[in-house]
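So the chains spell out like this:
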Amino acid sequence: MLALYDRNTRLAAWFDQNGHVWDPRMRWIAFVNGGHTFSSDRLTWAGPLNGSSFLDRQGRVVLWEPQQGPHGAMASTTPMTPMRPMTPMTPMTPMTPMTPMSPMTPMSGWSPLSVDAWLRGA
């Protein structure tokens, strides 16, 4: 599991090896399909994935992981809505990692969206 942080270096989510995103309380909130992130409840397109950086629709970083750092991209075109995958088994909660140092602002900038707003497609 990769720990994902918001622009304020707060632990905001976990990303598993099967492409599922979990909130800090281990609730399934999103999944990755074809290089794009979709909310698990509404199938709303949140934005593309760039390495291990989760981006909003304008290519700005919403979530990032410390090993690769935050990397934005250009705005992406809206993909087709995928079929919802089967609800995955809830994993055990990983140990809370140390808070990383604040990274430099990515070239595309930080998204102003909270994780909840991002998943609603705001």
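Use the structure listed above.
These notes cover the structure that comes with them.

Rules used throughout
- Residues numbered from 1 in each chain as written.
- Predicted model: local features only at pLDDT ≥ 70, side-chain atom pairs only at ≥ 80, totals over all residues.
- Heavy atoms only, no water.
- Core = buried A, V, L, I, M, F, W, Y, C linked by side-chain atoms within 4.5 Å.
- Buried < 20%, exposed > 50% of the residue type's maximum accessible area, 1.4 Å probe, protein only.
- Helix = DSSP H or I, 4+ residues; strand = E, 2+ residues; numbered from the N terminus.
- Contact = heavy atoms within 4.5 Å.
- Polar contact = N/O pair within 3.5 Å; in protein donor to acceptor, adjacent residues only side chain to side chain.

Points about the nonpolar core
If you look at the biggest cluster of nonpolar residues, it comprises 16 residues, and the most contacted ones within it are L4, V21, F54, L63, V115, W118 and L119. Listing elements by their share of this core, those giving two or more residues are β2 (11-15), β4 (28-33), β8 (61-63) and α1 (115-119). Broken down by element, this core gets its largest block of residues, four residues, from α1. Contact partners of L63, with chain neighbours within four places excluded, come to L4, Y5, D6, A12, A13, S52, S53, F54, V115 and W118. Counting residues in hydrophobic clusters, the runner-up holds 14 residues, among them W14, M26, W28 and F38.

Considerations on the side chain of D23
Note that D23 resides in the loop between β3 (20-22) and β4. Here the side chain of D23 touches R27 through a polar contact of 2.6 Å, side chain to side chain. In contact with D23, not counting residues within four places along its chain, are A12, A13, W14 and I29.

It is worth stressing that arrangement in space is one thing and function is another; only the former is reported here.
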